[in-house]
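Fold and contact review
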Amino acid sequence: MTTKAASTITKAACIYDFDLTLTEEYQQMPILRTFARQIEQRYGIQPEEYFSTLCSGQGIEIGVGAMQQFISDVREHVFYRISNETMKNYYAQQIQLAPGLPEWFPRINEMAKKVDLTLEHHVVSAGFTPLIEGSIIAPYLASIRSGTFIDDEKEHNGKSLSRIKTIVDPNNKREKIIEICKGKDVHKDIPIDDYALRYSNVIVFGDGHSDKRMFNFIRERGGRALGVYEKDNPEALAKAQQELTGRVHYLVPRDYSAGRPLEKVVEESLHRIAQRSCRFDYRDIHALLLHHLEDEEQIEFIRRHWQSCADCQERGKETKVY
């Protein structure tokens, strides 16, 4: 095995959704709270109802729909003087993060080092890049993939958002995972040993419906899928079980504090990544378990491996709820 491939195997990553995965609220809530009176005057709703009423309630995809609705209200002065700069330097620091953040990142990095893994952290979000860039967890992130805006200089009002530059489709976050793992153009075919990161060395964190395809993608390739829900909230747990059972390896309360279940399952996952010796293409195992194979000889060959490989069996286990 070449040195390049060996170094790739020791590299691992945690890839997180942002809203309600790393936070206790939608990232735009500090802005919505600030302009609560204007929202009520314009739409007759409370800040907490903004996106559910004006976007998803109208059958609009929450990712691009949220950006379109938000920028429309900037133009119409429901939100006054909102720019990339004000989002990053003022509102981002007000986002309510999940318990245990940001201390989680250096602590989990040390756990990875103890098992000879180099760990990176990435965010893939359908939200707004400046709100994530300005949050206190940003210094710990290797990359942020999220929606972006363009500012225009207004003659009297200063800078203000004017156009959408890029979006992250909430139902196609897997493309961003491919970018992270390839480290190159997502559409360019390259040998697996040239990937910056193996899919099987990835732990994906998410909270719900828009993360399903991301979870399916990483599970199919032998990585780890981890769903989080609001702790001490039976309704949140019931919803997470309904949406994510069978799609994630674990359902865990959203608490990144030391000694909590989330830390324990990630520590276990890092140990399994570090100790992994099986290099069988897990996509074949996944297809076998879903009964998607037709050739009998192929089925028998893959079944024999699966039955004899504890690593592959563990990666295909049912969802464990905490």
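Let us look at the structure shown here. (Residues numbered from 1 in each chain as written. Predicted model: local features only at pLDDT ≥ 70, side-chain atom pairs only at ≥ 80, totals over all residues. Heavy atoms only, no water.)

On to the overall build of the protein, then. What the protein contains, in helices and strands, is 15 helices and eight strands. By the compact-globule yardstick of 20 Å for 322 residues, the protein fits well, its C-alpha radius of gyration being 21 Å. Once the C-alpha set of the protein is aligned to its principal axes, its extents read approximately 70 × 40 × 40 Å. Considering only contacts within the protein whose residues lie at least 6 apart along the sequence, 63% involve residues at least 24 apart. On the protein, roughly 15,600 Å² of surface is accessible, and the fraction owed to carbon and sulfur atoms is 45%. (Helix = DSSP H or I, 4+ residues; strand = E, 2+ residues; numbered from the N terminus. Rg over C-alpha atoms; globule rule 2.2 N^0.38 Å. Contact = heavy atoms within 4.5 Å. Areas by Shrake-Rupley, 256 points an atom, 1.4 Å probe, with all protein chains shown as cover.)

Across all of its chains, the model carries 21 salt bridges by this definition. A salt bridge links Glu179 to Arg145; the shortest N-O distance between them is 3.0 Å. Of this pair, Glu179 sits in helix H9 (residues 174-182) while Arg145 sits in strand S3 (residues 143-154); the two residues are 34 residues apart in sequence, bridging distant segments of the chain. (Salt bridge = Lys/Arg side-chain N within 4 Å of Asp/Glu carboxyl O.)

Let us now look at the nonpolar core. A general trend in soluble globular proteins is that nonpolar side chains are found buried together. Grouped together as the largest cluster of nonpolar side chains are 58 residues, with contacts concentrated most on Phe70, Phe79, Ile82, Trp104, Phe205, Leu226 and Val266. Non-local contacts of Ile82, meaning those with residues more than four positions away in its chain, are made with Ile31, Phe35, Phe70, Val74, Met87, Tyr91, Ser160 and Leu161. Listed in part, the 25 residues of the second largest apolar core include Val168, Phe215, Phe217 and Ile218. (Core = buried A, V, L, I, M, F, W, Y, C linked by side-chain atoms within 4.5 Å. Buried < 20%, exposed > 50% of the residue type's maximum accessible area, 1.4 Å probe, protein only.)

Counting through the fold element by element, Thr129 comes out in helix H8 (residues 129-133). Note on Thr129: relative accessible area 8%, which makes it buried. Of the polar contacts made by the side chain of Thr129, one reaches the backbone oxygen of Ser146; its length is 3.1 Å. Residue contacts for Thr129: discarding those within four places in its chain leaves Ile144, Ser146, Gly147 and Thr148. (Polar contact = N/O pair within 3.5 Å; in protein donor to acceptor, adjacent residues only side chain to side chain.)

Counted by the stated rule, this structure contains 17 aromatic pairs. What links up through ring pairs into an aromatic cluster is the set Phe35, Tyr50, Phe51, Phe70, Phe79, Phe128 and Phe149. (Phe/Tyr/Trp six-rings, centres within 6.5 Å; stacked < 30°, edge-to-face > 60°.)

Attention now goes to the packing of helix H13 (residues 282-289) against helix H14 (residues 296-308). Look at H13 against H14: their axes get within 10 Å of each other, and the N-to-C directions meet at 105°. The angle between H13 and H14 places the two elements in the roughly perpendicular class. Along its contact with H13, which presents Asp284, Ile285, Leu288 and Leu289, the element H14 presents Ile299, Ile302, Arg303, His305 and Trp306. Looking at the contact of H13 with H14 residue by residue, the classes come out as six nonpolar, one polar and two charged. (Axes fitted to C-alpha atoms, helices over the stretch in contact; angles between N-to-C directions. Parallel < 35°, antiparallel > 145°, perpendicular 65-115°, else oblique. Nonpolar A, V, L, I, M, F, W, Y, C, P; charged D, E, K, R; others polar.)

Now for H9. With respect to burial, H9 is a largely interior element, seven of its nine residues being buried. Restricting attention to buried positions, one finds in H9 the residues Lys176, Ile177, Ile178, Glu179, Ile180, Cys181 and Lys182. Where H9 terminates, the next one or two residues include Gly183, which has phi positive at roughly 75°.

Attention shifts here to the pairing of strand S2 (residues 118-128). Of all eleven residues making up S2, nine are buried, and the element is well covered by its neighbours. Across six bridges, the pairing between strand S1 (residues 11-16) and S2 is parallel. Looking across to S2, one finds that Lys11 is bridged to Thr118. (Pairing = 2+ DSSP bridges.)

All right, on to unusual backbone geometry then. Cis rather than trans, the peptide bond between Leu101 and Pro102 has omega equal to 10°. Despite not being glycine, His77 has its phi angle at roughly 65°, a positive value. Of note, the phi angle at Asp116 is positive, near 60°, even though the residue is not glycine. The class for Asp116 is exposed, based on a relative accessible area of 63%.

Keep in mind these numbers describe shape, not what the thing actually does.
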